[in-house]
Amino acid sequence: MDNCIFCKIIRKEIPSNKIYEDDEILAFNDINPAAPVHFLLIPKLHIDSLAEIQDNHQKLLGKMLLLAPKLAKEQGCDDGFRTIINTGRIGGQEVFHLHFHIIGGRERLPVMIHHG
Ligand code: 5GP
Ligand code: ZN
């Protein structure tokens, strides 16, 4: 994926503030944080979005989900955090390389889901 910004970060063509890396997964701080802790967890495999996941991604996705609370805690989220996966146009996705936002900090995050 030549022009994908997150693939470029994985290839280190663009710098990032990395907080975790293994052979399949990378986590780095969001360039425009929404809260004191805001990092992105991405697979090194280019998958456009959550709408494109396949059965053969199951192990990778499970590994990412298991990693999320460990990294959140390491980053100082000891009393909870929020995980967001924006998907497609309706979801407001801007970068089409699957990523989990992990967001937290000291204050309670604003309510996002309002019940009428
Ligand atoms: P989306 O709206 O697709 O869910 O979120 C994309 C996120 O990627 C945004 O929060 C944005 O700040 C972040 N982002 C976009 N470009 C870069 C970049 O070059 N480096 C980093 N670290 N984050 C980026
Ligand atoms: Zn990519």
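Rules used in this analysis
- Residues numbered from 1 in each chain as written.
- Chains lettered and ligands numbered in written order.
- Predicted model: local features only at pLDDT ≥ 70, side-chain atom pairs only at ≥ 80, totals over all residues.
- Heavy atoms only, no water.
- Patch = residues over 30% accessible without salt bridge, like charges linked within 9 Å, V, L, I, M, F, W, Y side chains within 5 Å.
- Areas by Shrake-Rupley, 256 points an atom, 1.4 Å probe, with all protein chains shown as cover.
- Salt bridge = Lys/Arg side-chain N within 4 Å of Asp/Glu carboxyl O.
- Helix = DSSP H or I, 4+ residues; strand = E, 2+ residues; numbered from the N terminus.
- Polar contact = N/O pair within 3.5 Å; in protein donor to acceptor, adjacent residues only side chain to side chain.
- Contact = heavy atoms within 4.5 Å.
- Pairing = 2+ DSSP bridges.
- Near = heavy atom within 4 Å.
- 1 Å grid on protein atoms, 1.4 Å probe; cavity = no way out; pocket = protein on both sides within 12 Å on 5 of 7 lines; lining within 4 Å.
- Sits in = over half its atoms within 2 Å of the grid points.

Participant: Whenever I open this one, a nonpolar patch on the surface confuses me. Can you help?
Facilitator: On the surface, a nonpolar cluster with roughly 190 Å² of combined accessible area is contributed by Leu50, Ile53 and Ile85. Within the secondary structure, Leu50 sits in the loop between β3 (37-43) and α2 (58-74).

Participant: Explanation requested: the side chain of Gln93 in the structure shown.
Facilitator: Turning to its location among the elements, Gln93 is positioned in the loop between α3 (88-91) and β5 (100-104). Within the local environment of Gln93, its side chain forms a polar contact with the backbone oxygen of Asp48, the two atoms lying 3.0 Å apart. Looking at Gln93, its side chain comes within polar contact range of the main-chain oxygen of Val95, at 2.9 Å. With near-sequence residues (within four places) excluded, Gln93 lies in contact with Asp48, Ser49, Asn86, Thr87, Gly88 and His99.

Participant: Which parts of the structure should I look at to understand the side chain of His38?
Facilitator: Structurally, the position occupied by His38 is in strand β3. Looking at His38, its side chain comes within polar contact range of the main-chain nitrogen of Ala34, at 2.9 Å. Within polar-contact distance, the side chain of His38 engages the side chain of His101 at 2.8 Å.

Participant: Would you mind going over the pairing of strand β1 (residues 18-21) with me for this structure?
Facilitator: The side chains of a regular strand alternate between the sheet's two faces. Bridge count for β1 against strand β2 (residues 25-29) is 3 bridges, and the pairing is antiparallel. Its bridge partner being in β2, Lys18 is matched across the sheet by Phe28.

Participant: Which parts of the structure should I look at to understand the site of ligand 1?
Facilitator: Neighbouring ligand 1 are 16 residues; Asp30, Glu94, Val95, His99 and His101 lie closest to it. Asn29 has a polar backbone atom sitting 2.9 Å from a nitrogen atom of ligand 1. Here an oxygen atom of ligand 1 and a backbone polar atom of Val95 are 2.8 Å apart. The fraction of the free accessible surface of ligand 1 (530 Å²) that becomes covered by protein chains is 85%. Cavity membership is defined here by more than half of the atoms lying within 2 Å of grid points; on that basis ligand 1 lies in the largest pocket. The element contributing the most residues to the shell around ligand 1 is helix α1 (residues 5-10), with 3 residues.

Don't take any of this as a statement about function, it's just geometry.
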